[in-house]
Amino acid sequence: MRLPTTTPPAATDDRAAAARVEAAAGAATDPDPARPAAAPAPIEWDLAEIYPDLDAWRADKARLEGEVDGVARFAGRLGESAAVLADALDAISATEKDLVRLHVHAFLRADEDRRVAAAQERRGETTLLLARFEEAASFVAPELLQVGSETVGRYLEAEPRLARHAFNVRNILRREPHTLSAEAEAVMAGTSAMRQGPERVFAMLSTSDMPFPTVTLAGGEEVRLDQSAYGKHRASRNRADRKLVFDAFWKAWQGYAATLAQTLDTHVKAHVFEARARRYGSALEAALAGPNIPTAVYRTLLAAAGRHLPSLHRYFRLRQRMLGVDELRYYDIYPTLVASDRSFGLDEAKSMALASAAPLGEDYVATLRESFAGDWMHVYPREGKAPGAYMYGAVYDVHPYLLLR
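Residues numbered from 1 in each chain as written. Predicted model: local features only at pLDDT ≥ 70, side-chain atom pairs only at ≥ 80, totals over all residues. Heavy atoms only, no water.

S.K.: In this structure, what is going on with the packing of aromatic side chains? I would like to understand it.
M.R.: Taken as a whole and assessed by the stated rule, the structure comprises 15 aromatic pairs. A centroid spacing of 4.9 Å and a plane angle of 80° characterise the contact between Phe249 and Trp250, whose relative ring orientation is edge-to-face. Look at Phe249 and you get buried, because its relative accessible area is 3%. The structure contains a cluster of three or more aromatic residues connected by ring pairs, namely Phe202, Phe212, Tyr230, Phe249, Trp250 and Trp253. When the ring centre of Tyr51 is taken as origin, the NZ or CZ atom of Arg101, which lies over that ring, is 5.8 Å away. The aromatic ring of Tyr334 is capped on one face by Arg234, whose charged end is 3.7 Å from the ring centroid. (Phe/Tyr/Trp six-rings, centres within 6.5 Å; stacked < 30°, edge-to-face > 60°. Buried < 20%, exposed > 50% of the residue type's maximum accessible area, 1.4 Å probe, protein only. Lys NZ or Arg CZ within 6 Å of the ring centre and 35° of its normal.)

Now the structure itself:
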């Protein structure tokens, strides 16, 4: 599993004070000061289902810090017997499962408002702890390869407890040409948090630190053009508003062009480094190796897209005529071609989703209804909140969490 990435911030705020600040910023009973008065009341997930409070999170973190290094006690023993291999993989899997729980809580809390330093600090702490775990468990792949596929195959057949690990074990054997020595694997694992740095730099810049502009639309509405507002207003029926929004939003990004370019450059170099270190022919091959996708599949997709560009260009010409513009610009590709004032509230959207899922069966609908009834979602934009949307289902003992912007 590849987890969402982060880098540890330098903030060392007093924990009690930081917790009070975070509670004030994120509590559902307190209106977000950046939220317009007419905006709907916030709908927020309940992370207490993962940990009841931060004290419980800290207690579990302290426990896991003592367990992470303990997985190395199995180093050099994986070939002793099928039972020992099962003991080792069970212990490693259980520790990883608990670490993921710890990390997901910190990750989700940090995405509620990326300006809260204490929350970013906790996410950074879990990332470092995950890196320590990866380093401690990095002996597994090279040691299994040393034991040999024939012996490992016999173990898989002889020990029922290995059934749940069989896919991962066979995946390790498949990647033998790109597995390094135990020492080199430990180094790769230990540097993973640093190689993920560019992603975290971009995430913080684009949500917490960038001063997004405010514009006044043709109707007199003042809008702060963060990523969520840009996504909404670039689809305006008013072409002058679309151009205003487009120009103002990307001018703000242009002010950070050098920083963004350097961040991307470092990100690319990290991928190239890993590809070369693991003896892949390219960063593309390395990126597709995990899901075992041949590079030919990727290149076939590109070729198919290229062949069908004339259809896309035909669509753009049709869009140009339907919008009645002399020249189609980039900001003209977002508004709907058929004007409508129809909008859908969250409750109506839920009802429509349930109705559309009915053909999938009552079990499916019941699960969807349960998810709507629970506090599983974080809905509506607010300043500092992570952009985009995602479903995070890595805490297997609870349920997925959904972020909407």
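S.K.: How should helix H10 (residues 197–209) be read in this particular structure?
M.R.: Those residues of H10 that fall on the buried side of the exposure criterion are Gly197, Pro198, Arg200, Ala203, Met204, Leu205, Ser206 and Thr207. Buried residues in H10 make contact with helix H4 (117–136), helix H9 (192–195), helix H11 (227–233), helix H12 (239–254) and helix H13 (257–277). (Helix = DSSP H or I, 4+ residues; strand = E, 2+ residues; numbered from the N terminus. Contact = heavy atoms within 4.5 Å.)

S.K.: Would you mind showing me how to read the sheet that holds strand S3 (residues 377–378) here?
M.R.: What links the strands of a sheet is backbone hydrogen bonding, and the strands pair in either a parallel or an antiparallel sense. Strand order in the open sheet formed by 3 strands is S3-S5-S4, and the pairing between neighbours is mixed. Two strands lie at the open edges of the sheet, namely S3 and strand S4 (390–392), each paired on one side alone. Alignment of S4 against strand S5 (residues 401–403), held across 3 bridges, turns out to be antiparallel. Counterpart to Tyr392 in the pairing with S5 is Tyr401. (Pairing = 2+ DSSP bridges.)

S.K.: I'm lost on the nonpolar core in this one. Help?
M.R.: In globular proteins that are soluble, nonpolar side chains generally tend to be buried together. With 47 residues, the main nonpolar core has Ile50, Leu78, Val104, Leu108, Val140, Leu144 and Leu162 as its most contacted residues. Listing elements by their share of this core, those giving two or more residues are helix H2 (54–68), helix H3 (82–112), H4, helix H5 (140–147), helix H6 (149–158), helix H7 (166–174) and S5. Excluding residues that lie within four positions of it along the chain, Leu78 makes contacts with Leu85, Ala88, Phe139, Val140, Glu143, Leu144, Val147 and Tyr155. Within the second largest apolar cluster, 16 residues are counted, among which are Phe212, Phe246, Trp253 and Tyr331. (Core = buried A, V, L, I, M, F, W, Y, C linked by side-chain atoms within 4.5 Å.)

S.K.: Just to check I follow, could you spell out unusual backbone geometry for this structure?
M.R.: One non-glycine residue, Arg279, lies in positive phi territory at about 65°. Considering the arrangement of structural elements, one finds Arg279 in the loop between H13 and helix H14 (283–289). A positive phi angle is found at Tyr380, which is not glycine, with a value near 80°. Position of Tyr380 relative to the elements: it lies in the loop between S3 and S4.

S.K.: How do you make sense of a nonpolar patch on the surface when you look at a structure like this?
M.R.: A cluster of nonpolar side chains, Ile293, Val297 and Leu301, forms an exposed patch at the surface whose accessible area comes to about 260 Å². Within the element layout of this structure, Val297 appears in helix H15 (residues 295–307). (Patch = residues over 30% accessible without salt bridge, like charges linked within 9 Å, V, L, I, M, F, W, Y side chains within 5 Å. Areas by Shrake-Rupley, 256 points an atom, 1.4 Å probe, with all protein chains shown as cover. Salt bridge = Lys/Arg side-chain N within 4 Å of Asp/Glu carboxyl O.)

S.K.: Looking at this structure, how should I read the pattern of salt bridges?
M.R.: Proximity of charged atoms lets side chains of opposite charge pair with each other. Counted under the stated rule, the structure contains 32 salt bridges. Among the salt bridges present, the one from Asp90 reaches Arg164, with a minimum N-O distance of 3.9 Å. Here Asp90 is found in helix H3, whereas its partner Arg164 is found in the loop between H6 and H7, with 74 residues between them in sequence. Residue classification places Arg164 among the exposed positions, given a relative accessible area of 66%. Measuring nitrogen to oxygen at the nearest pair gives 3.8 Å for the salt bridge that ties Asp397 to Arg101. A residue pair is termed long-range when its members are at least 10 positions apart, and Asp397 in the loop between S4 and S5 and Arg101 in helix H3 qualify at 296 residues. One salt-bridge network, held together by shared partners, links Asp87, Asp90, Glu159, Arg161 and Arg164.

S.K.: In this structure, what is going on with the side chain of Thr263? I would like to understand it.
M.R.: Secondary-structure assignment places Thr263 in helix H13. Polar contacts involving the side chain of Thr263 include one to the main-chain carbonyl oxygen of Thr259, which spans 2.8 Å. The residues touching Thr263, leaving out its near neighbours within four places in the chain, are Pro198, Val201 and Phe202. (Polar contact = N/O pair within 3.5 Å; in protein donor to acceptor, adjacent residues only side chain to side chain.)

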